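Coordinates in review
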Amino acid sequence: QVQLVESGGGLVQAGGSLRLSCAASGRTFSSGAMGWFRQAPGKEREFVSAITWSFANRYYADSVKGRFTISRDIAKNTVYLQMNSLKPEDTAVYYCAYRNPGSYEPSSVRDYDYWGQGTQVTVSS
């Protein structure tokens, strides 16, 4: 069974940075994809970024392009989300998710098979 554990959330001032981590366990992660999503109170869960395990193809939501960077460490089965120039509107619970190998739409919540419990990111103005 795949398990995903996020960490690295917290409170930061606008303009600051945070790095989120998602540690994956339960299988050998050499294929498939990992995604980051976020959900603010009263809003739907939205796509932030995704990366494929094998070729590190990266995808970003327009709202975070140029500020967030996704990366993965195959040896550690861990995916990171470096978030710079944070804005108050980035405040949300951030979730990582894993997609089994196969074609998929990186930004679709429904295309992911496993989810972490989430980590809170709060950006103060």
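To keep things clear, this report deals only with the structure shown in the data block. On a predicted model such as this, the values are computed, not experimentally measured, just so you know.

Okay, the overall build of the protein chain next. When helices and strands are counted, the protein chain shows 0 helices and 11 strands. For the protein chain, whose C-alpha radius of gyration is 13 Å, the value lies close to the compact-globule estimate of 14 Å for 125 residues. Sorting the 125 residues of the protein chain into buried and exposed places 45% on the buried side. Of the contacts formed within the protein chain by residues at least 6 apart in sequence, a portion of 57% connects residues at least 24 apart. For the protein chain, the accessible surface area stands at approximately 6300 Å², while carbon and sulfur atoms represent 46% of it. For the protein chain, the distance from the average site of its 13 positive side-chain charges to the average site of its 10 negative ones is 5 Å.

The subject of this paragraph is the nonpolar core. The biggest cluster of nonpolar side chains holds 36 residues, and the ones touching the most others in it are Leu4, Trp36, Leu81, Met83 and Tyr94. With 5 residues, the single largest contributor to this core is strand E9 (residues 92-99).

Strand order in the open sheet formed by 4 strands is E1-E3-E8-E7, with antiparallel pairing between adjacent strands. One side of each edge strand has no neighbouring strand; the edge strands of this open sheet are strand E1 (3-7) and strand E7 (68-73). The sheet shows a mean angle of 15 degrees between the axes of neighbouring strands, taken without regard to direction. Summarising the sheet, E7 and strand E8 (residues 78-83) pair through 6 bridges and their orientation is antiparallel. By the bridge assignment for E8, Arg72 is matched with Val79.

Next up on the list: the packing of aromatic side chains. All told, the structure shown has 6 aromatic pairs when counted by the stated rule. Ring centres 5.9 Å apart and planes at 90 degrees place the aromatic pair Tyr104 and Tyr112 in the edge-to-face group. Among the aromatic residues, those joined into a ring-pair cluster are Phe37, Phe47, Tyr104, Tyr112 and Trp115. The residue whose ring lies beneath Arg45 is Tyr95, and the NZ or CZ to ring-centre distance is 3.7 Å. Seen from the ring of Trp115, Arg45 lies directly overhead, with NZ or CZ sitting 4.9 Å from the centre.

Quick notes on the rules
Residues numbered from 1 in each chain as written. Predicted model: local features only at pLDDT ≥ 70, side-chain atom pairs only at ≥ 80, totals over all residues. Heavy atoms only, no water. Helix = DSSP H or I, 4+ residues; strand = E, 2+ residues; numbered from the N terminus. Rg over C-alpha atoms; globule rule 2.2 N^0.38 Å. Buried < 20%, exposed > 50% of the residue type's maximum accessible area, 1.4 Å probe, protein only. Contact = heavy atoms within 4.5 Å. Areas by Shrake-Rupley, 256 points an atom, 1.4 Å probe, with all protein chains shown as cover. Lys, Arg positive; Asp, Glu negative; His and termini not counted. Charge placed at Lys NZ, Arg CZ, Asp CG, Glu CD. Core = buried A, V, L, I, M, F, W, Y, C linked by side-chain atoms within 4.5 Å. Pairing = 2+ DSSP bridges. Axes fitted to C-alpha atoms, helices over the stretch in contact; angles between N-to-C directions. Phe/Tyr/Trp six-rings, centres within 6.5 Å; stacked < 30°, edge-to-face > 60°. Lys NZ or Arg CZ within 6 Å of the ring centre and 35° of its normal.

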